[in-house]
Amino acid sequence: MVRDVGISEVGPRDGLQMLKGIMPTEKKKAWISALAASGLPEIEVSSFVPPKLLPQMADAAEIVAFALTLPGLHVAALAPNAKGAARAIEAGAHKITLPLSVSRSHSLANVRKTPDEMVDEVRQSTRLRDASPSRPAIEVGLSTAFGCTIEGTVAESEVVRLAIAAVEAGADEVGLADTTGMANPEQIKRVIAGVRREIGDRLTGVHLHNTFGLGLANALAAYEAGLRAFDSSQAGLGGCPYAPGASGNIVTEDLVYMFESMGVRTGIDLWKLMAGRRILADAFPDEPLYGYVPAAGLPKNFRPAA
Ligand code: ZN
């Protein structure tokens, strides 16, 4: 399978954590199976947070174990701290993402730690990684890298400083997350250039939200700036409980359509991908499912990139 970009589906984590209802474990498995069958190379399947805080993710270990049985799938999970990372490693996740918020206020609200205390959690997590036989990749997701609903502007120098700190703490990869959807394409290019100057190709991807409708424009900007890894979620589910007013992720279906119609290979079958929405619609009949392409249907001239 030749892919020009790697799309990581984060709906089962970023999406389900925001919904009022809890998706039963068997339904999650069916949804993740459908997503994987469409050719998605990576799925962030769950989050190793205390079940008390997020009952939607209480079955994280079982979901990771199930996802590991799907052939060829790279299984990613989120962990808010070293304790969560230990659980994710034990469950066998291939990749563990730790959120490191650039905004101090968001960091305190989200994980009750300052950004620099989170760097310590990253360091502890990479030590656990080094001691484990499976050696999963540790990614640091720099949250609120483009703006914060609490603080407003986030200093680009802080994004760069924390990216360096994450790599020094042993992170394999660093991603830039527009948790609040406040980024614009020029800013995306500028921040990517600034971070890459310091950590090179350890900067791998972007995690974008669509709060102000600039999600796809920002994804294209990141692609043009040279990044090749993109998070998105089916039907645009998602958000952050501690970023008030932020809405869902960029829609996987629309992102795949943009790339494929540009001739950029994603390795994803858009028809199969869209079929996965039915499972969501059945599970959450009252939740809005987003996406321009699913609403319009694929145009007659659409051909997947070859
Ligand atoms: Zn997110």
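Treat the numbers as computed from the prediction; the structure is a model and nothing was measured.

**What about the overall build of the protein?**
Reasoning step 1: Of the regular secondary structure elements, the protein holds 13 helices and eight strands.
Reasoning step 2: In terms of overall size, the protein behaves like a compact globule, its C-alpha atoms giving a radius of gyration of 18 Å where 306 residues would be expected to give roughly 19 Å.
Reasoning step 3: In terms of overall dimensions, the protein has C-alpha extents of about 50 × 40 × 35 Å along its principal axes.
Reasoning step 4: A burial count over the protein gives 55% of its 306 residues as buried.
Reasoning step 5: Counted over contacts in the protein with a minimum sequence separation of 6, partners at least 24 positions apart contribute 74%.
Reasoning step 6: For the protein, the centre of its 30 positive side-chain charges and the centre of its 34 negative side-chain charges are spaced 2 Å apart.

**Observations concerning unusual backbone geometry**
When glycine is set aside, most residues are seen to have a negative phi, and most peptide bonds are trans.
Reasoning step 1: In this model, Arg112 sits at a positive phi of 55°, which is unusual for a non-glycine residue.
Reasoning step 2: Take Arg112: it is sitting in the loop between helix H5 (104-111) and helix H6 (115-131).
Reasoning step 3: For Arg135, which is not glycine, the phi torsion reads 45° and is therefore positive.
Reasoning step 4: In this structure, Arg135 sits in the loop between H6 and strand E5 (137-143).

**Thoughts on the pairing of strand E8 (residues 229-232)**
On a regular strand, one side chain projects to one face of the sheet and the next to the other, so that they alternate.
Reasoning step 1: Of the strand pairs in this sheet, strand E1 (residues 6-9) and E8 are connected by four bridges, and their pairing is parallel. When the sheet's bridge partners are listed, Glu9 is paired in E8 with Ser232.
Reasoning step 2: As judged from the three bridges shared by strand E7 (residues 203-208) and E8, these two strands associate in the parallel manner. Looking at E8, one finds that His207 is bridged to Asp231.
Reasoning step 3: As a crossover connection, the stretch from E7 through helix H9 (residues 215-224) into E8 is right-handed.

**Notes on empty space enclosed by the protein**
Reasoning step 1: Enumeration according to the criterion identifies one cavity of 30 Å³ or more in this entry.
Reasoning step 2: In this structure, the largest cavity encloses a volume near 40 Å³.
Reasoning step 3: Of all the secondary structure elements, the ones that give two or more residues to the lining of the largest cavity are strand E2 (42-47) and strand E4 (95-101).
Reasoning step 4: For the lining of the largest cavity, the class distribution of residues is two nonpolar, two polar and five charged.

**Remarks on the coordination of the zinc ion**
Reasoning step 1: Bound to the zinc ion are the protein donor atoms Asp14 (OD), His207 (NE2) and His209 (NE2), situated 2.1 Å from the metal.
Reasoning step 2: In terms of primary sequence, the donors binding the zinc ion are separated according to D-x192-H-x1-H. Note that Asp14 is positioned in helix H1 (residues 11-15) and His209 in the loop between E7 and H9, a separation of 195 residues in sequence.
Reasoning step 3: Taking the relative accessible area as the measure of exposure, His209 reaches 2% and is therefore buried.

**With respect to the layout of surface pockets**
Reasoning step 1: Estimated volume of the largest pocket: approximately 950 Å³.
Reasoning step 2: As for the largest pocket, its lining consists of 48 residues, and the residues nearest its centre are Arg13, Ser47, Leu78, Pro99 and Asn110.
Reasoning step 3: Its residues placed into classes, the lining of the largest pocket shows 20 nonpolar, 18 polar and ten charged.
Reasoning step 4: Each pocket or cavity is described by its volume, and for the second largest pocket that value is around 270 Å³.
Reasoning step 5: Lining the second largest pocket we find 14 residues, and of these Asn210, Val251, Asp254, Tyr290 and Tyr292 sit closest to its centre.
Reasoning step 6: Residues of the lining of the second largest pocket, tallied by class, amount to five nonpolar, eight polar and one charged.

**So, H5**
Reasoning step 1: Among all positions of H5, only His106, Ser107 and Val111 are buried. Summarising the axial view, the buried residues of H5 lie within an arc of 100°, below the 170-degree limit, and thus occupy one face.
Reasoning step 2: Its buried side turned inward, H5 meets E4, H6 and E5.
Reasoning step 3: Backbone geometry just downstream of H5 places Arg112 in the positive-phi region, at approximately 55°.

**Some remarks on the packing of aromatic side chains**
Reasoning step 1: One pass over the full model with this rule turns up four aromatic pairs.
Reasoning step 2: Joined through ring pairs, the aromatic side chains of Tyr223, Phe230 and Phe259 make up one cluster.

**Describing the pairing of E2**
Reasoning step 1: Burial of E2 is extensive: six of the six residues sit out of reach of the surface.
Reasoning step 2: In the sheet, E1 pairs with E2 via two bridges, with the strands oriented parallel. From the neighbouring strand, Ser8 faces E2, where its bridge partner is Glu42.
Reasoning step 3: With five bridges connecting them, E2 and strand E3 (residues 74-78) associate as parallel partners. Following the sheet pairing, Ser46 is matched in E3 by Ala77.

**Regarding the packing of H6 against helix H7 (residues 156-168)**
Reasoning step 1: Taken N-terminus to C-terminus, the directions of H6 and H7 make an angle of 20°; their axes are 9 Å apart at the nearest point. In terms of their interaxial angle, H6 and H7 are classed as roughly parallel. Once H6 is placed against H7, the crossing between them reads as right-handed. Each of Pro115, Asp116, Val119 and Val122 in H6 lies in contact with H7, whose residues at this interface are Arg161, Leu162, Ala165 and Ala166.
Reasoning step 2: Looking at the contact of H6 with H7, its residues break down into six nonpolar, no polar and two charged.

Definitions and limits used
- Residues numbered from 1 in each chain as written.
- Predicted model: local features only at pLDDT ≥ 70, side-chain atom pairs only at ≥ 80, totals over all residues.
- Heavy atoms only, no water.
- Helix = DSSP H or I, 4+ residues; strand = E, 2+ residues; numbered from the N terminus.
- Rg over C-alpha atoms; globule rule 2.2 N^0.38 Å.
- Buried < 20%, exposed > 50% of the residue type's maximum accessible area, 1.4 Å probe, protein only.
- Contact = heavy atoms within 4.5 Å.
- Lys, Arg positive; Asp, Glu negative; His and termini not counted.
- Charge placed at Lys NZ, Arg CZ, Asp CG, Glu CD.
- Pairing = 2+ DSSP bridges.
- Right-handed = clockwise from strand over helix to strand, strands pointing away.
- 1 Å grid on protein atoms, 1.4 Å probe; cavity = no way out; pocket = protein on both sides within 12 Å on 5 of 7 lines; lining within 4 Å.
- Points joined across faces, edges and corners; volume = space filled by probe spheres on them.
- Nonpolar A, V, L, I, M, F, W, Y, C, P; charged D, E, K, R; others polar.
- Donors = N, O, S within 2.8 Å, 3.2 Å for Na, K, Ca; no water.
- Arc of directions from axis to C-beta.
- Phe/Tyr/Trp six-rings, centres within 6.5 Å; stacked < 30°, edge-to-face > 60°.
- Axes fitted to C-alpha atoms, helices over the stretch in contact; angles between N-to-C directions.
- Parallel < 35°, antiparallel > 145°, perpendicular 65-115°, else oblique.
- Left-handed = near helix turned anticlockwise from the far one by under 90°.

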